[in-house]
Every structure is written in structure tokens, then in C-alpha cells.
Amino acid sequence: DKFLHLDLGYCDNITDQSLEHDILNLVDLEVLSLRECKLITMDGLKCVSEKLKQLRVLNVGRTSTCSTIELRDQVLEMFFHVKVCSGGEKFVLMK
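To start, this report covers the structure provided alongside it.

Parameters and conventions
- Residues numbered from 1 in each chain as written.
- Predicted model: local features only at pLDDT ≥ 70, side-chain atom pairs only at ≥ 80, totals over all residues.
- Heavy atoms only, no water.
- Helix = DSSP H or I, 4+ residues; strand = E, 2+ residues; numbered from the N terminus.
- Buried < 20%, exposed > 50% of the residue type's maximum accessible area, 1.4 Å probe, protein only.
- Contact = heavy atoms within 4.5 Å.
- Areas by Shrake-Rupley, 256 points an atom, 1.4 Å probe, with all protein chains shown as cover.
- Core = buried A, V, L, I, M, F, W, Y, C linked by side-chain atoms within 4.5 Å.

## Notes on the overall build of the protein
In terms of regular secondary structure, the protein is built from 3 helices and 5 strands. For the protein, the α and β elements follow one another from N to C terminus as β-α-β-α-β-α-β-β. Of all 95 residues assigned to the protein, the portion counted as buried reaches 42%. Of the contacts made within the protein by residues no fewer than 6 positions apart, 66% connect residues no fewer than 24 positions apart. Per element, the accessible surface of the protein, about 5,600 Å² overall, is 51% carbon and sulfur.

## Some thoughts on the side chain of serine 33
Tracing the sequence through the fold places serine 33 in strand β2 (residues 31-33). Here serine 33 is in contact with Leu6, Asp7, Leu8, Gly9 and Asn59, once residues within four sequence places are set aside.

## Remarks on the nonpolar core
Residues Leu32, Leu34, Leu45, Val48, Leu58 and Phe79 are the most contacted members of the largest nonpolar core, which totals 22 residues. A total of 4 residues in this core trace back to one element, the largest contributor, which is helix α2 (residues 42-51).

## Some points on the environment of leucine 6
Mapped onto the fold, leucine 6 is located in strand β1 (residues 5-7). As a C-alpha pair, leucine 6 and leucine 32 span 26 residues in sequence and 5.0 Å in three-dimensional space.

## A few points about the environment of glutamate 30
If you trace the backbone, glutamate 30 turns up in the loop between α1 (16-21) and β2. Classification of glutamate 30 as partly exposed rests on a relative accessible area of 27%. Taking the C-alpha atoms as reference points, glutamate 30 and arginine 56, separated by 26 residues in sequence, lie 5.1 Å from one another. Each residue touching glutamate 30, except ones within four places of it in the same chain, is listed here: Leu4, Gln54, Leu55, Arg56 and Val57.

Quick look at the structure:
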């Protein structure tokens, strides 16, 4: 069986390390929500962009990684292969 969709939104204990060791082994993952996962950094998102090649939707709304325009631009550069849907408090990347 494959995990295709994983919603970790609002999980206060998700870190870059937990992403790298647990979640990034789900190579078939297509949808991942990290909304309000305050401990995720640009390093964690870099791992996501490098390892989850099937990812089509990534919700990073209300995370510290997208708190400024500059940081959003960095996230977009990592996920250059995705289409951006954003509005208000929601920042979602879709392929």
C-alpha cells in the first residue's frame, strides 16, 4: 500500500529531523500539508524538494518558512517544478 496524502497540519512536534527520518521515506507521497508546523525550516523543505519527487501539493501556510516574501521566493526556487496557489494566509504549492 502507498501513502499518497499526509496531513500533518498543526502538529507542533514535527521537525526537520522527523521529516527526514520518517516522512521522506514515503516516496510516493503526492500531497503533504505542513500547515502551522512551526519547527520546519528551509532545511526541512529542501529535503522535501529533493526526496519527494512525486509531490504535487505542499501546504506550508502559516509556517516560519513562508513568513516573508523573500522566504517564499526561496521556497519557490526549491519547488520550481510546482505551480503556486496562494492567497491570504494560505500558501500552497501545486505541481
